[in-house]
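# Observations on chain architecture
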Amino acid sequence: MNVLVLNSGSSSLKFQIIATDMERIQQYKDDRICRGEVEGIGGEAIVHAQYRNEPNRTMTAPLRDMSATLDYLVRYIASDRSGISEIKSTADIHAVGHRVVHGGERFTESALINDDVLKGIEDCIDLAPLHNPNNIRAIQSAREIFGKDVPQVAVFDTAFHHSIPEQASLYAIPYHLYRRHRIRRYGFHGTSHRYVAFRYRALRGLTREQTNIITLHLGNGCSAAAIKGGNSIDTSMGMTPLEGLVMGTRSGDLDPAIVSVIARKEGMSASEVDTLLNTQSGLLGISGLTNDMRELQAELKEHDDRRVRLAIEIFCYRARKYIGAYLAAMGGADAIVFTGGIGENSADVRARICSGMEWAGLQIDDAKNNETIGREGLISNEKSKLLAYAIPTDEELLIARDTVRVIKGEPHPS
Ligand code: AMP
């Protein structure tokens, strides 16, 4: 089954086509046919597309909206000029899997999209006003292009965290606010946390129930999850992705009173402060330079800039604090798993986060840590009681696999 995986943003669309089915899933024989991204939808868009390991191709096209973008993409993929021999027409795309950001309290697992599910995703717009409308547009565009007979599946960022108990998901604010507005912790990056937890147990030959780990997704967005017995029991992102770890441009945790202090002192509205905390804070806000960890590390090496050093130190300290908190919440864990662009590639950040954690039985092996870049591997030494791994995430693969499983009515794994 050729599954088109779509991850839609406000003016961008990431896509992959992955050939998979129940047999391939069991044998790890999923086949990634092509991948790419469209940027600048709504104007003269830039389209990047890569067929297997061939060089990336870049094209431009005027694409007014999501529907025009998907139409362009599918035509390109099916055309001779793309060189993608597996896809000759829309009929060669057998299903569509969508990353959907917010599933609210209703969607605790991936769902086959019908009118009722679409309505459910619409009902969550209130919880994710910047994200869910884009996902809905992608679903509707795919319906227009492929027709109702091509099944579509929604895979929710929030679903993996549905198991978080109330003591961790409820905020200590008047309870009626939860009842009235569903204000609670939902958590995000669920597909990523779930994927690396699955890879961890595959690497160690463990069952889901034996999986007791802390996963750290450190990319441009960052979150930690406490996974006990295979279930998420706490996570650092909250009602929105703003809470928790320091991120590229997001502040993560802060004293909530700071919001009104900034509003008053800077003459800003609540929504302007919200934008400031989401887009101008984090690594970018502290360093005053960039949200890109790679650039910050290069800058630190070259100029030892004080604010750059501070940005990296605050980032790592916050992550370490969450590991400590989750060790307490879980009553101890067996391993820490790093993923995301920073977690997969920066041995330095991993070492900084884990430094001084010998008390918890964690000892990083410097050589292993330094050579495990962009690939799976154990990065702690033989004496370490708390293991540490780096595991590249693959949300698209999990979306493709869930799409097949849901269509085939297979029980939902995690
Ligand atoms: P993601 O959102 O998962 O794509 O991650 C993006 C972040 O990963 C950016 O801050 C990148 O600078 C960072 N990143 C990627 N490669 C490296 C690297 N080799 N060293 C440090 N940071 C990296």
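Scroll up to find the structure.
Summarised in this report is the structure supplied together with it. Position numbers for residues start from 1 in each chain and track the written sequence from start to end. Confidence filtering applies because this is a predicted model: local features only for residues at pLDDT of at least 70, side-chain atom pairs given and counted only at 80 or more, and all residues used for totals across whole chains, interfaces and linings. Each side-chain value is worked out from all heavy atoms of the structure, with water and hydrogens disregarded.

Only strands joined by at least two bridges in the DSSP assignment are considered to pair. Strands are runs of DSSP state E lasting at least 2 residues, helices are runs of H or I lasting at least 4, and numbering of each runs from the N terminus. The mixed open sheet is built from 8 strands, whose spatial order is β5-β4-β3-β2-β1-β6-β8-β7. Among the strands making up the open sheet, the edge pair consists of β5 (57–62) and β7 (111–112). Two elements, strand β6 (residues 95–100) and strand β8 (residues 152–156), share 5 bridges in a ladder whose sense is parallel. Bridge pairing links Arg 99 to Val 155 in β8. Sheet strands touched by helix α2 (residues 66–78): β1 (2–8), β2 (12–19), β3 (31–39), β4 (44–51) and β5. Its angle to β2, the strand with the most contacts, is close to 35°. Whether two residues are in contact is decided by their heavy atoms, any of which lying within 4.5 Å being enough. Interaxial angle, 0 to 180 degrees, is taken between N-to-C directions of lines fitted to C-alpha atoms, where a helix line uses only the stretch in contact.

Consider each residue's heavy atoms; a residue with any of them within 4 Å of a molecule or strand counts as near. The ligand sits among Gly 219, Asn 220, Asn 291, Asp 292, Met 293, Arg 294, Gln 297, Gly 340, Gly 341, Ile 342, Asn 345 and Ser 346. Contacts described as polar in this section are N or O atom pairs within 3.5 Å, which, within protein, must combine one atom able to donate a hydrogen with one able to accept it, while residues neighboring in sequence count only if both atoms come from side chains. For the ligand, an oxygen atom lies 2.8 Å from a polar atom in the backbone of Asn 220. Within the contact set of the ligand, an oxygen atom lies 2.8 Å away from a backbone nitrogen or oxygen of Gly 341. Looking at the shell around the ligand, the elements that each hand over two or more residues are α11 (293–303) and α13 (340–345).

Not every positive phi belongs to a glycine, and His 189 is a case in point at roughly 55°. With respect to the element layout, His 189 can be found in the loop between α6 (175–181) and α7 (190–204). Burial classification: accessible surface area is computed with a 1.4 Å probe over protein chains only, and a residue below 20% of its type maximum counts as buried, one above 50% as exposed, and the rest as partly exposed. For His 189, a relative accessible area of 10% corresponds to the buried category. Phi at Asp 304 takes a positive value of approximately 45°, unusual for a residue other than glycine. For Asp 304, a relative accessible area of 45% translates into the label partly exposed.

With their axes 9 Å apart at the nearest point, helix α8 (residues 257–266) and helix α9 (residues 270–279) run at an angle of 115° to one another. With respect to α9, the axis of α8 lies roughly perpendicular. As for the relative orientation of α8 and α9, their crossing is right-handed in sense. Here α8 contributes Val 259, Ile 262 and Ala 263 to the contact with α9, which in turn contributes Val 273, Leu 276 and Leu 277. Considered class by class, the residues forming the contact of α8 with α9 number 6 nonpolar, no polar and no charged. Note on terminology: angles under 35 degrees are roughly parallel, angles over 145 are roughly antiparallel, angles of 65 to 115 are roughly perpendicular, and the others are oblique. Definitions for this section: a left-handed crossing has its near helix turned counterclockwise from the far helix by less than a right angle. A right-handed crossing has that turn clockwise. Three classes are used, and their members are as follows: Ala, Val, Leu, Ile, Met, Phe, Trp, Tyr, Cys and Pro are nonpolar, Asp, Glu, Lys and Arg are charged, and the others, Gly among them, are polar.

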